[in-house]
Amino acid sequence: MIPVPRDTGPAGPSGPSGDAAPDPATESALTARDGDPTAQAMFVRLTQAEVWRFTAALVGPDSADDLAQETYLRAFKALPAFEGRSSARTWLLGIARRACADHLRTVIRRRRLDERLAANAYTDRPHPDHAGQLGADDLVRRLSPERRAAFVLTQLLGLSYAEAAAVEGVPVGTIRSRVARARDELVEAVDDARTG
């Protein structure tokens, strides 16, 4: 692989102010603020796979398309206020997390209503794992929402602990703790599935 030469013009590789140049998604978001349709399309193209994976991991692939779309609807409404203090990736995944949380609240309300309506139709039949093992998606979905989000952001999407903390709005230590506990729970669940 041939290395690409870095820009070492008069301003240096950092740009005129000495700050590091923003990543392509952040550049597109900053340009898209003014309504540039090309920049808006580029912003979506650069981030859509990650937004979909994140929403799918938090609430399931069946709802991921709708939640990714909801994320972009919210993001484009909020885009004029985006100042680029954090990366567009961090900002957008925070919006996705809130869209998923709103969706889950709606689902929980519906389930509670269904439970009240079906209270007289109780059955105590277990729902065993007939294959004797759980899939990775099933295991991740069993994590608490906070641990699942921290695990997906850092271990599946590759965000740093600091970026994940910014997305979740919590200290970095909280993300580290949630990821460690999620790993412990996943290892235990796999061991339980193996021993049956």
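Please refer to the structure placed before this passage.
The following paragraphs examine the structure supplied in this document. (Residues numbered from 1 in each chain as written. Predicted model: local features only at pLDDT ≥ 70, side-chain atom pairs only at ≥ 80, totals over all residues. Heavy atoms only, no water.)

**Brief notes about helix α6 (residues 145-156)**
Part 1: What α6 keeps buried is the set R148, A149, A150, F151, V152, L153 and T154.
Part 2: Two residues or fewer after α6 comes G158, characterised by a positive phi angle close to 80 degrees. (Buried < 20%, exposed > 50% of the residue type's maximum accessible area, 1.4 Å probe, protein only. Helix = DSSP H or I, 4+ residues; strand = E, 2+ residues; numbered from the N terminus.)

**Considering the nonpolar core**
Part 1: If you look at the biggest cluster of nonpolar residues, it comprises 42 residues, and the most contacted ones within it are F54, W91, L93 and L153.
Part 2: If one sorts the elements of this core by residue count, helix α4 (residues 88-117) sits on top with 8 residues.
Part 3: Contact partners of F54, with chain neighbours within four places excluded, come to L93, A96, R97, A149, V152, L153, L157 and E168. (Core = buried A, V, L, I, M, F, W, Y, C linked by side-chain atoms within 4.5 Å. Contact = heavy atoms within 4.5 Å.)

**Thoughts on the packing of α6 against helix α7 (residues 161-168)**
Part 1: Between α6 and α7, the shortest axis-to-axis distance is 9 Å and the interhelical angle comes to 145 degrees. Crossing of α6 against α7: the hand is right-handed. Where α6 abuts α7, its residues A149, L153, T154 and Q155 lie against Y161, A164, V167 and E168.
Part 2: Residues of the contact of α6 with α7, tallied by class, amount to 5 nonpolar, 2 polar and 1 charged. (Axes fitted to C-alpha atoms, helices over the stretch in contact; angles between N-to-C directions. Left-handed = near helix turned anticlockwise from the far one by under 90°. Nonpolar A, V, L, I, M, F, W, Y, C, P; charged D, E, K, R; others polar.)

**Digging into the side chain of T71**
Part 1: With respect to the secondary-structure elements, T71 resides in helix α3 (residues 61-78).
Part 2: Engagement of the side chain of T71 in a polar contact is seen with the backbone oxygen of L67, the distance being 2.8 Å. (Polar contact = N/O pair within 3.5 Å; in protein donor to acceptor, adjacent residues only side chain to side chain.)

**Some points on the environment of I95**
Part 1: Of note, I95 is situated in helix α4.
Part 2: Considered as a pair, I95 and R74 are 21 residues apart in the sequence and their alpha carbons are 7.2 Å apart.
Part 3: Setting aside residues up to four positions removed in sequence, I95 forms contacts with T71, R74 and A75.

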